[in-house]
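Summary of structural features
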Amino acid sequence: MKLNGTNYRLRVEARLDNPRWIGLASSVIGVLLALFVGGFVLKAAGAQDPVATYKVIFKEGFGTFADWQAGVNALATNTSCPKGKLCFGPLSDTLVKASPILLTTLACIIAFRMRLWNIGADGQMFLGAWAATGVAVFLLPKTTDRWIMLTAMGLAGTLAGVAYGFIPGFLKARLNISEIITTLMLNYVGYKWIEYFVVVGPWSIGDFESTGRFPAPATWPRLTENAEKYPITAGLTVHPGIFLGIAAALLIAWILYRSRWGYEIRVIGNNPNAARYAGISLARNIILVMCLSGGLAGLAGMNEVAALRELNGRFSRGYGFTGVIVAWLARLNPLAAILVAILFGGLLVGTKLIQPQGIASMLQGVILFVVVGTELLFHYRIQLEKVEAVMVQKAEGVS
Amino acid sequence: MESPPNAFEMRSIVKRFPGVLANDHVDFSCQVGEVHALLGENGAGKSTLMNVLAGLYKSEAGEIYINGERVHLNSPQDAIAHGIGMVHQHFMLVPSHTVAENMVLGLNTPRFFLNLTHVEEQVKALGEQYGLSVNPRARIWELSVGEQQRVEVLKMLFRGAKVLIMDEPTAVLTPQEVEILFQTLRDMTKRGHSIVFISHKLDEVAAIADRVTVLRRGVVTAAGEPAKGTTKAQLAKLMVGRDILFLIDKKKAQPGEVVLAMDKLCAENDRGLPALRDVSLQVYAGEILGIAGVAGNGQRELAEVLTGLRKPTSGRMMFGAIPLDSHTNWMEVGQQLAHIPEDRAAVGSVPALGVAENLILKRYNRPPISTRWSINYSAVHENGVRLVEQYKIATPSVDTPVRMLSGGNLQKVILARETSGQPKLMIAVHPTRGLDVGAIEGIHRLLIELRDQGAAILLISEELDELFSLADRIAVMYEGQIVGEKSPEHANLHEVGLMMAGTKVDS
């Protein structure tokens with residue numbers, strides 16, 4: 001490609017090696033490019049200065065250095081957060097958002113690693129939320145010990161997700177029905193399922209379209225509960241869900257890179273023929289991986305209701321799809337997913353106040369688009385070279 | 001006699017790939033009206049050099065002259081504008097388009113209105129002129145591989161190529177088609193075209209080339225030697241840098257007990273048609289049983305049945321005293337049965353995984369590589385280092401993804417994996433297909449070694465030379481049946497050839 005008006009041309013050559021830095025570089029550049037493109041959309045949506053808007057988003061999502069400093073000081077002196085400072089508030093909100101995202105991301109990663117395109121994490125999450133709610137509100141007594149209650153809810157949520165992941169897994173393994181279609185469609189079944197229970201039907205209190213506030217043991221302990229002893233924690237809603245996510249990420253990393261099963265998953269994901277040749281059962285692994293994937297998404301659902309403290313008709317959709325984006329951005333690496341999930345949590349929190357409300361989804365979409373695009377670009381080597389006095393003729397036929 | 005002018009000349013070409021110097025100051029030229037063979041092992045840098053000439057790769061250093069004039073070829077368009085066209089090993093044709101449509105693909109002229117009838121006439125005329133008859137209105141998918149190759153050649157002529165680079169053109173052709181191709185190439189040189197003929201097959205080079213240039217590991221070891229008056233043995237030595245044993249010296253087989261017994265095995269192919277009909281064979285410990293046959297006569301299905309990848313419809317298989325009829329029994333046989341699959345890249349290996357991880361594919365689930373749940377990666381690493389050393393696998397590291405390895409080295413990875421477990425039975429399917437002389441020799445040696453250690457080997461191959469030099473017995477397959485069995489000492493190629501064509505010969 002000759003650059004007009006210069007003596008230089010761009011040369012594009014396929015890259016034969018794929019160094020490790022490429023993944024990181026294309027993720028970082030993808031995000032930067034997405035912010036750049038997003039800037040134009042912000043401008044079109046009426047923002048005076050997109051850079052200022054991004055600053056606000058970052059501030060809302062993570063706080064400023066001054067905020068953190070004030071927070072650390074308050075912590076040291078055991079006083080409350082000074083007026084006018086946000087302290088750890090934004091960070092707390094971000095971690096609250098990040099925990100379900102991290103779990104759905106891991107659900108996507110484990111499936112995508114085997115080239116099982118589970119885009120039904122959203123529905124699996126709904127079923128998990130439903131099952132956890134059932135245990136918390138209708139099965140166990142209100143006086144159950146908090147950790148027993150939460151463990152039971154976690155188990156119920158996971159199992160519901162496992163069962164919901166099993167359906168597309170089984171259909172894929174036995175009848176070779178595309179998991180893309182089945183998982184996508186089952187999302188809607190999941191939405192309707194919840195709608196039936198809390199909007200139309202049996203679990204709703206009156207016309208509130210909600211189960212009502214969960215009994216205390218069925219909710220995540222929040223940091224703010226310690227506000228009397230430690231004033232700085234006042235208003236911080238962060239809960240142990242993020243640790244659940246991090247523990248799950250470590251477990252998935254171990255499975256993928258250190259376990260026999262993970263080796264099987266990686267072999268199947270890369271070359272199913274070689275897997276069959278090595279005696280690895282494809283059908284069994286498809287079902288198992290879909291179950292694990294669904295289970296993680298189901299756990300995300302439990303995590304979310306325990307944080308919201310109720311199940312209602314406005315139970316949020318979309319975490320399952322955000323998981324798809326975060327999984328790609330993290331290059332299907334479960335440990336990188338921790339960081340990316342937190343960044344995305346910040347994006348969601350930071351854009352809450354931005355009008356129009358679609359900005360966060362728009363940025364997510366642009367990021368995925370650009371990241372996939374830049375990854376492709378990085379498979380080529382692009383060089384700038386000087387054009388010497390050469391005749392670059394057009395090819396012509398014999399005519 | 002004064003020699004004709006050079007059609008092109010490449011001087012001191014250097015091309016580097018990560019970790020490899022593919023072309024190390026290579027000089028190469030071709031005279032007008034000659035067939036110049038570029039000979040070398042796989043990975044010697046032949047295709048790389050020609051891709052530089054065809055404008056696909058950019059060399060780091062070196063100069064190219066065409067008709068005495070210095071040129072810079074930055075794209076295939078540049079190259080074809082200078083009259084250089086390349087016919088790749090894998091054809092660059094659009095299967096659903098017609099021959100004529102493929103001709104104009106990628107051309108900038110005409111800009112808007114395409115007069116296909118005109119193109120069709122031109123193609124027809126060109127075809128008649130060069131003896132490359134194809135119907136210009138035929139769609140590519142309707143054509144045989146040989147005809148598709150003709151279309152590729154025509155495409156280059158249509159674009160005005162004077163120099164034609166043929167990258168291993170015979171690999172995909174039947175012997176008859178090879179003859180036709182050679183005739184065409186000779187005709188073309190008479191009309192003033194120059195041909196660069198890339199190959200690693202010595203017989204073909206001797207049959208078609210005027211001059212030979214040999215590359216070894218990116219360096220020219222023989223430049224423009226006349227092909228007549230150079231013996232096969234000399235060329236082979238130039239290629240690999242040492243004498244090649246065309247006849248493998250091996251001890252006489254010492255057959256032991258029956259390791260594998262097949263009794264009236266029947267199986268169907270993927271379309272549900274009978275592929276194996278009552279195959280009964282015994283393979284003994286310490287011998288190599290060769291299966292000869294034209295491709296598609298049930299060899300693939302036989303290998304799949306014997307390795308548990310395909311279920312027989314009837315008949316029995318015994319591995320020693322174990323009947324191979326249940327999952328448990330297959331698991332019991334496990335690593336005692338080794339298998340070199342037909343397709344090393346698509347079946348035999350996991351491209352994105354490292355060498356060490358590929359080397360454990362068949363025993364990732366047993367000690368010492370793994371415990372109940374987890375894999376011991378330091379054991380994986382040690383195993384990798386040991387086998388890379390022992391089997392002389394050329395790889396930058398044991399963690400290098402195997403898709404970066406050459407065909408010969410990839411095959412060595414598979415062989416190392418399959419033979420290091422001391423198998424009792426080896427099913428080897430086309431183990432040397434597409435490999436160069438040096439790699440073939442290494443693999444033959446490994447198979448003989450394995451035999452001498454007492455393993456039973458079933459060798460399925462299309463190369464009769466390979467079967468005659470390796471096998472202790474040769475069974476011939478035709479339409480899913482064993483039509484006869486010969487010992488290589490008491491058979492000649494002609495006889496086996498007749499049997500492969502379906503003629504029963506008394507054994």
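In this text, all values refer to a predicted model and were calculated from it rather than measured experimentally. (Residues numbered from 1 in each chain as written. Chains lettered and ligands numbered in written order. Predicted model: local features only at pLDDT ≥ 70, side-chain atom pairs only at ≥ 80, totals over all residues.)

For the rest of this paragraph, the subject is the overall build of chain A. When you go through chain A residue by residue, the secondary structure sums to 14 helices and 2 strands. In chain A, which comprises 399 residues, the share counted as buried stands at 45%. Sequence separation of 24 or more characterises 77% of the internal contacts of chain A that already satisfy a separation of 6 or more. (Helix = DSSP H or I, 4+ residues; strand = E, 2+ residues; numbered from the N terminus. Buried ≥ 20, exposed ≤ 12 C-beta atoms within 10 Å, placed from the backbone. Contact = placed C-beta atoms within 7 Å.)

Next up on the list: the domain arrangement of chain A. All names here are of chain A. Partitioning chain A into structural domains gives domain 1 (1-45 + 360-391) and domain 2 (90-344). Contact with domain 1, which involves 7 residues of that partner, is made by 5 residues of domain 2. Going through the elements one at a time, helix 1 (21-44) and helix 14 (359-377) are the ones with two or more residues in the side of domain 1 that touches domain 2. Element by element, the count of residues in the side of domain 1 that touches domain 2 is highest for helix 14, at 5 residues. Looking at the side of domain 1 that touches domain 2 residue by residue, the classes come out as 4 nonpolar, 3 polar and no charged. (Domains from an automatic or database assignment. Nonpolar A, V, L, I, M, F, W, Y, C, P; charged D, E, K, R; others polar.)

Moving on, we get to the sheet that holds strand 19 (residues 473-478) of chain B. Residues and elements named next belong to chain B. Taken together, the 6 strands give an open sheet; going across it, the order is 16-17-18-13-19-20, and neighbouring strands pair in mixed fashion. For this open sheet the edge positions go to strand 16 (337-340) and strand 20 (481-486), each flanked by a neighbour on one side alone. Recorded for the sheet is a direction-independent mean angle of 20° between the axes of neighbouring strands. Pairing analysis gives 5 bridges linking strand 17 (residues 425-429) to strand 18 (residues 456-460), with the strands arranged parallel. Pairing of Ile427 across the sheet is with Leu458, part of strand 18. The sheet contacts of helix 9 (residues 299-306) involve strand 13 (288-292), strand 17, strand 18 and strand 19, and relative to strand 17 the element is tilted by about 150°. (Pairing = 2+ DSSP bridges. Axes fitted to C-alpha atoms, helices over the stretch in contact; angles between N-to-C directions.)

On to helix 5 (residues 121-139) of chain A, then. Given a rise of 1.5 Å per residue, 19 residues ought to cover 27 Å, and the 25 Å separating the end C-alpha atoms of helix 5 of chain A matches this to within 8%. Counted residue by residue, helix 5 of chain A has 16 buried out of 19 residues, so it is predominantly covered. (Expected span 1.5 Å × (residues − 1).)

Turning next to the nonpolar core. Counting 253 residues, the largest nonpolar core has Leu106 and Ala337 of chain A together with Leu53, Leu425 and Leu459 of chain B as the members making the most contacts within it. Sequence-distant contacts of Leu459 of chain B, that is, excluding residues within four places in its chain, are made with Ile288, Leu289, Gly290, Ile291, Ala428, Leu467, Leu470 and Ala471 of chain B. (Core = buried A, V, L, I, M, F, W, Y, C linked by C-beta atoms within 7 Å.)

Further remarks concern the sheet that holds strand 10 (residues 219-226) of chain B. Sheets are built from strands paired through backbone hydrogen bonds, the pairs being either parallel or antiparallel. Residues and elements named next belong to chain B. Taken together, the 6 strands give an open sheet; going across it, the order is 6-7-8-3-9-10, and neighbouring strands pair in mixed fashion. Both edges of this open sheet fall to strand 6 (84-87) and strand 10, since each of them pairs with a single strand only. Geometrically, the sheet is characterised by an average inter-axis angle of 15° between neighbouring strands, direction not taken into account. Pairing geometry for strand 6 and strand 7 (residues 163-167), over 4 bridges, is parallel. Its bridge partner being in strand 7, Gly85 is matched across the sheet by Leu164. Each of strand 6 and strand 7 is contacted by helix 5 (residues 145-158), which is oriented at about 170° to strand 6, the strand it contacts most.

Glancing now at unusual backbone geometry. The general pattern is negative phi for most residues beyond glycine and trans for most peptide bonds. For the bond running from Pro367 of chain B to Pro368 of chain B, omega is 0°, close enough to zero to count as cis. Positioned with a positive phi, Leu332 of chain A is a non-glycine residue whose angle comes to about 60°. Within the fold, Leu332 of chain A resides in the loop between helix 12 (319-329) and helix 13 (334-350). In the Ramachandran plot, Gln422 of chain B falls in the positive-phi region, its phi being about 50° despite a non-glycine side chain. With respect to the helices and strands, the residue Gln422 of chain B is situated in the loop between helix 13 (407-419) and strand 17. The exposure class assigned to Gln422 of chain B is exposed, which follows from the 12 C-beta atoms found within 10 Å.

In this section: the pairing of strand 19 of chain B. Residue and element names in this part refer to chain B. The buried count for strand 19 comes to 5 of 6 residues, which makes it a mostly enclosed element. Examined bridge by bridge, strand 13 and strand 19 share 4 bridges and lie parallel to one another. Residue pairing for strand 19: Gly290 is matched across the bridge by Ile474. Here 5 bridges tie strand 19 to strand 20, and the two strands are oriented antiparallel to one another. Residue pairing across strands places Ile474 opposite Lys486, the latter belonging to strand 20. Turn length for the strand 19-strand 20 hairpin, with the two strands adjacent in sequence and antiparallel, is 2 residues, and the turn residue Glu479 shows positive phi of about 45°.

Turning our eyes to something else, we now look at the pairing of strand 10 of chain B. One ladder, built from 5 bridges, connects strand 9 (residues 211-216) of chain B with strand 10 of chain B; its direction is antiparallel. Bridge pairing links Val214 of chain B to Ala222 of chain B in strand 10 of chain B.

Let's shift gears to the domain arrangement of chain B. Residues and elements named next belong to chain B. Domain assignment breaks chain B into domain 1 (6-240) and domain 2 (258-348 + 424-500). Between domain 1 and domain 2, the C-alpha centre-to-centre distance is 37 Å. Across the side of domain 1 that touches domain 2, the residue classes tally to 3 nonpolar, 2 polar and 1 charged.

Assignment of secondary structure puts Ile148 of chain A in helix 6 (residues 146-175). For Ile148 of chain A, a count of 11 C-beta atoms within 10 Å corresponds to the exposed category.

Time to look at the packing of helix 8 (residues 241-258) of chain A against helix 13 of chain A. All names here are of chain A. Direction vectors running N to C along helix 8 and helix 13 enclose 155°, while the axes themselves pass 8 Å from each other. For the element pair helix 8 / helix 13, the angle class is roughly antiparallel. Residues Ile246, Ala249, Ile252, Ala253 and Leu256 of helix 8 form the contact with helix 13, whose participating residues are Pro334, Leu335, Ala337 and Ile338. Class assignment for the residues of the contact of helix 8 with helix 13 results in 9 nonpolar, no polar and no charged. (Parallel < 35°, antiparallel > 145°, perpendicular 65-115°, else oblique.)

The relative placement of two packed helices comes down to the angle between their axes together with the axis-to-axis distance. Residue and element names in this part refer to chain A. Interhelical geometry of helix 2 (residues 50-62) versus helix 4 (residues 89-112) gives an angle of 80° and a closest axis separation of 5 Å. On the basis of the axis angle, helix 2 is roughly perpendicular to helix 4. Between helix 2, through Glu60, Gly61 and Phe62, and helix 4, the contact on the second element is made entirely by Pro90, Leu91 and Thr94. Of the residues assigned to the contact of helix 2 with helix 4, the class counts are 3 nonpolar, 2 polar and 1 charged.

Looking at chain A as a whole, the pLDDT averages 87, with 89% of positions reaching at least 70. pLDDT under 50 marks residues 389-399 of chain A. Its contacts with residues more than four places away, or in other chains, come to 19 contacts. (pLDDT = per-residue confidence, 0-100.)

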